[in-house]
Structure formats: C-alpha cells, structure tokens
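# Structural overview
Chain residues, written in single-letter form:
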Amino acid sequence: MIIVTLLYLLLNFSSTTEVESLTCNQLIEVVADHDTATKTFINKYKIPVVDKNGKMMFHVDMQRRGNTHKMILNPVRNCRFEAHAEITLTYSNLSQRVLTSTHSTSSSNLEVILDEETQLELRNHKVFTIAFQGRKYNYEVVLKPNQGRVVQDVLTCIQY
C-alpha cells in the first residue's frame, strides 16, 4: 500500500507548467474578435517607463495577434513619431538590436514587429534601454531590472 501511495504522489507531482500557467494568467489577457475568429494576447498591466532625461513617460505593451508579435510604445502625453523610425534595443549584456517601426505616418505611438530572432533575444536577455527618435526629441527609455524581467515574462507567456 505504501508503494502505491508513493507512486501516486510521484505521478501527480505538480509540474512547472501549472505554475507558469498561473503566472501567465496574471500577466496577460486574451481579447477575442469573434467576427474574424482571431485572438489577441496582450499584457494586462501597463509597464511604465521614463525617458532618461525625464522628458516623457511611455507604456510598453507586448502583443501577439496570430503569428505576429509586436512591441508598442505608447507615450503618456501627446507626441508624434515619423513612420519607419529606428528603434534600438540594448540588452543587459550590452548587445544591441536595431529595428524599424511599422506604424503609419505621424503616429502617436511606436509599433515594431518582433521577428523570431528578436523574440529569442528578448526572452534570453533583459532589455536595458529602448532608444528612438521623436519629431522634436530623441528618447532613450531606461528600464528598471524588474521591468526588463516583466517584458521577458510577458513575451514568454504570449508565445503559447
């Protein structure tokens, strides 16, 4: 009887998948579009970041719709950005990735599509800074260590 009980406990040992699922439920939400039968995965809570010069505060949003992953930077105050602006991500290991934004001309936020290689980098290294050019100013957003970790966690959660 003891052997059967031990086998039962070993076979029903909770896996890390359940813990990851619980964490993901707290970090992301799913928005369903019933007309197009698509799901959009987004972070539940805004990730507020401030430019290192204190000029502007942004919210970092991560999104997945279908197979397309995006990072969206929404300024708190009114601001305009040129289409196809360059966005430089600097990671905690000081490597960099330059991406081109995909938003429309004179947009009020920055959108960048994350290719598979960039997604892998974001999951493996914390983002340290995000630099880009506005119409009037150049911005360099510095993420706190916990914010870089939240970006990693959200991206990992929206993968599945």
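My aim in this report is to walk through the structure given alongside it, one point at a time. All values reported here derive from a predicted model rather than from experimental measurement.

### Focus: the packing of aromatic side chains
Enumeration over the complete set of coordinates arrives at seven aromatic pairs. Residues phenylalanine 58 and phenylalanine 81 carry aromatic rings whose centres are separated by 6.4 Å and whose planes lie at 45° to one another, so their mutual orientation is tilted. Residue phenylalanine 58 is found in strand 4 (residues 57-65), and its partner phenylalanine 81 is found in the loop between strand 5 (68-75) and strand 6 (86-91); the two are separated by 23 residues along the sequence. When its relative accessible area of 0% is taken as the criterion, phenylalanine 58 is described as buried. On the basis of an interplanar angle of 70° and a centroid distance of 6.3 Å, the ring pair of tyrosine 137 and tyrosine 139 is categorised as edge-to-face.

### Notes on the nonpolar core
Counting 34 residues, the largest nonpolar core has Phe58, Met62, Met71, Leu122, Ile130 and Phe132 as the members making the most contacts within it. If one sorts the elements of this core by residue count, helix 4 (residues 145-158) sits on top with five residues. Among all residues touching methionine 62, those that are not within four sequence positions of it are Phe41, Ile42, Asn43, Lys70, Met71, Leu114, Leu122, Val151, Val154, Leu155 and Ile158.

### Structural notes on the packing of helix 3 (residues 116-124) against helix 4
Where helix 3 contacts helix 4, the axes come no closer than 8 Å and their chain directions differ by 130°. Taken as axis vectors, helix 3 and helix 4 run oblique relative to one another. Where helix 3 crosses over helix 4, the two elements pack in a sense that is left-handed. In this structure, helix 3 contributes Gln119, Leu122, Arg123 and Asn124 to the contact, and helix 4 contributes Gln152, Leu155 and Thr156. Per-class residue counts for the contact of helix 3 with helix 4 are two nonpolar, four polar and one charged.

What counts and what doesn't
Residues numbered from 1 in each chain as written. Predicted model: local features only at pLDDT ≥ 70, side-chain atom pairs only at ≥ 80, totals over all residues. Heavy atoms only, no water. Phe/Tyr/Trp six-rings, centres within 6.5 Å; stacked < 30°, edge-to-face > 60°. Helix = DSSP H or I, 4+ residues; strand = E, 2+ residues; numbered from the N terminus. Buried < 20%, exposed > 50% of the residue type's maximum accessible area, 1.4 Å probe, protein only. Core = buried A, V, L, I, M, F, W, Y, C linked by side-chain atoms within 4.5 Å. Contact = heavy atoms within 4.5 Å. Axes fitted to C-alpha atoms, helices over the stretch in contact; angles between N-to-C directions. Parallel < 35°, antiparallel > 145°, perpendicular 65-115°, else oblique. Left-handed = near helix turned anticlockwise from the far one by under 90°. Nonpolar A, V, L, I, M, F, W, Y, C, P; charged D, E, K, R; others polar.

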